[in-house]
Amino acid sequence: MRNLMIASSVFALTLAASSCSGGGGGGAASGSGKEAAATVNGNNITVEEVDRITSQRAGAQKGQLSPLELAAARLQVLEELIQQEVLYQRAQKDGITPTDQEITEFIQKGKQEGGLTEEEFDKQLKESGQTQDSFRADVRKKLAIQKLQDKLGATLKVQDREISDFFNSNPKQFVAEPGVGVSDIIVDPADNGMKNDVKGDVAAQQKINEIRTRLNSGTDFATVARVSSEDQSALQAGDLGFVRQADFGNLAQAGLPSDLGGKLMALKEGDLLGPIKDARGRFHIFKLTQKRTDSRQLTLDDPDVRKQISDYILNQRRSLLNEALLTRARDEAKIENFLASRTLENPNSFGVLRPVSSAPAASPNAGGSASPAAAASPAAAPKATSKK
């Protein structure tokens with residue numbers, strides 16, 4: 001099954017989340033899916049929205065969650081939606097909103113990357129319980145927050161002296177070791193709860209073979225990985241990063257063939273390997289994105305070293321600014337969290353605002369796996385990736 005995954009540098013948007021702004025305050029009639037779980041300056045975040053995202057994240061394990069675990073999951077999802085609404089209202093206050101044309105272009109790009117026809121897109125909207133208008137409203141909200149954070153981050157600068165100081169203070173981080181850069185597409189015959197999931201060995205084998213055929217014909221690996229891979233690495237277009245040759249032994253511990261590292265080292269950059277079946281029964285197709293056969297100390301003159309350090313410092317500062325932005329926006333907002341209040345009032349019944357059992361299941365990454373404030377979180381300290 002093909003799935004639309006509309007990605008941006010800050011948010012991975014899917015067909016899952018509908019707009020959570022509702023207008024009005026206090027909450028709708030008890031027992032309705034439109035009942036307010038919280039309000040932000042009078043705008044409702046509905047129980048239906050919370051339960052849709054909670055159900056998606058729980059996936060096939062939802063029925064195995066205890067009442068306590070389910071209550072905790074709902075509170076976490078609600079907190080993220082509150083943060084999103086707070087930041088969106090701050091963007092509106094600052095006059096930062098995407099144009100209708102920007103929203104249309106963003107959605108069209110997602111359709112193209114997902115390989116979806118208009119009919120398939122409309123079908124998935126219907127299955128997720130949304131309309132064209134509600135989906136556009138959600139895209140508008142997320143793009144507005146992205147613009148707000150980008151505007152704030154654009155003021156940041158890194159001086160050459162800072163880059164040199166970081167490099168000289170962390171020389172061991174800039175040793176280019178032998179190893180490979182790898183991307184991966186995974187098809188899992190098990191029920192993994194993902195929107196594009198196939199079930200059973202026969203269906204999984206057919207899907208991975210079709211993927212290999214598409215790749216052989218020149219289809220972009222990253223695009224296929226984002227759309228078709230049944231693993232969280234799909235969010236990074238299948239990129240697994242750089243694996244040192246010294247760590248090849250760990251591949252077998254992860255259920256992969258013990259000789260996989262050697263086979264990858266024998267490839268040329270850009271070559272494909274697979275399908276390969278791991279110990280869990282999952283199918284993999286690997287792409288070699290980088291290969292290094294020797295070890296040496298990098299310098300600031302090596303390609304990308306300065307950029308890696310600059311990006312690392314900037315990401316740290318963006319994260320700090322985004323946290324400060326969220327804190328300030330929350331301070332200025334009037335927030336009423338009815339779900340949290342009822343939890344305190346009724347601790348033995350977990351403060352139940354009745355779940356909306358009929359809410360459509362959401363697709364992957366609804367609401368994001370991280371809060372909006374953490375969307376530009378700092379990357380790990382830069383590692384040596386020079387190909388020379």
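These notes cover the structure that comes with them.

Topic: unusual backbone geometry
Then comes step 1: A cis amide bond, omega 15 degrees, links Gly274 with the succeeding residue Pro275.
Then comes step 2: Locating Pro275 in the fold gives a position in strand S8 (residues 272-277).
Then comes step 3: Even without being glycine, Asn41 reaches a positive phi, approximately 50 degrees.
Then comes step 4: Relative to the helices and strands, Asn41 resides in the loop between strand S3 (36-40) and strand S4 (43-46).
Then comes step 5: Of note, Ala237 is a non-glycine position whose phi angle comes to about 60 degrees, a positive value.
Then comes step 6: Since its relative accessible area comes to 14%, Ala237 is described here as buried.

Details of the sheet that holds S8
Sheets are built from strands that pair by backbone hydrogen bonding, the pairs being arranged parallel or antiparallel.
Then comes step 1: Pairing is antiparallel in the open sheet, where four strands are placed in the order S7-S6-S9-S8. For this open sheet the edge positions go to strand S7 (239-244) and S8, each flanked by a neighbour on one side alone. Going from strand to strand, the sheet's axes swing by 30 degrees on average, the running direction of each strand aside.
Then comes step 2: Note that strand S6 (residues 179-187) and S7 share five bridges and pair antiparallel. Paired with Val182 across the strands is Gly241, a residue of S7.
Then comes step 3: Where helix H8 (residues 221-228) meets the sheet, it contacts S6, S8 and strand S9 (283-292), and its direction lies at approximately 45 degrees from that of S6.

Quick word on the side chain of Arg282
Then comes step 1: Turning to its location among the elements, Arg282 is positioned in the loop between S8 and S9.
Then comes step 2: Note on Arg282: relative accessible area 11%, which makes it buried.
Then comes step 3: Among residues more than four places away in sequence, those in contact with Arg282 are Ile186, Val187, Asp188, Pro189, Asp231, Ile276 and Lys277.

Let's talk about the pairing of S3
Then comes step 1: Of all the five residues making up S3, five are buried; the element is thus mostly covered by neighbouring parts of the structure.
Then comes step 2: Two elements, S3 and S4, share four bridges in a ladder whose sense is antiparallel. When the bridges of S4 are listed, Ala38 appears paired with Ile45.
Then comes step 3: Hairpin geometry of S3 and S4 is characterised by an intervening segment of two residues between the two adjacent antiparallel strands and by a positive phi of about 50 degrees at Asn41.
Then comes step 4: Sheet topology places S3 next to strand S11 (residues 335-337); three bridges connect them, and they run antiparallel. Each bridged residue has a counterpart across the sheet, and for Ala38 the counterpart in S11 is Asn337.

Rules used throughout
- All residue numbers refer to position in the chain's written sequence, counted from 1.
- Predicted model: local features are reported for residues with pLDDT of at least 70 only, side-chain atom pairs are reported and counted for 80 or more only, and whole-chain, interface and lining totals are derived from all residues.
- By convention in this description, side-chain values take in all heavy atoms of the structure and omit both hydrogens and water.
- Comment: elements are numbered from the N terminus, with helices defined as DSSP H or I runs of at least four residues and strands as E runs of at least two.
- We call a residue buried when its accessible area falls under 20% of the maximum for its residue type, exposed when it is over 50%, and partly exposed in between, using a 1.4 Å probe and counting protein chains only.
- Pairing between two strands is assigned when DSSP locates at least 2 bridges connecting them.
- Working convention: axes come from line fits to C-alpha atoms, limited for helices to the stretch in contact. Angles between N-to-C directions cover 0 to 180 degrees.
- Should any heavy atoms of two residues lie within 4.5 Å, those residues are considered in contact.

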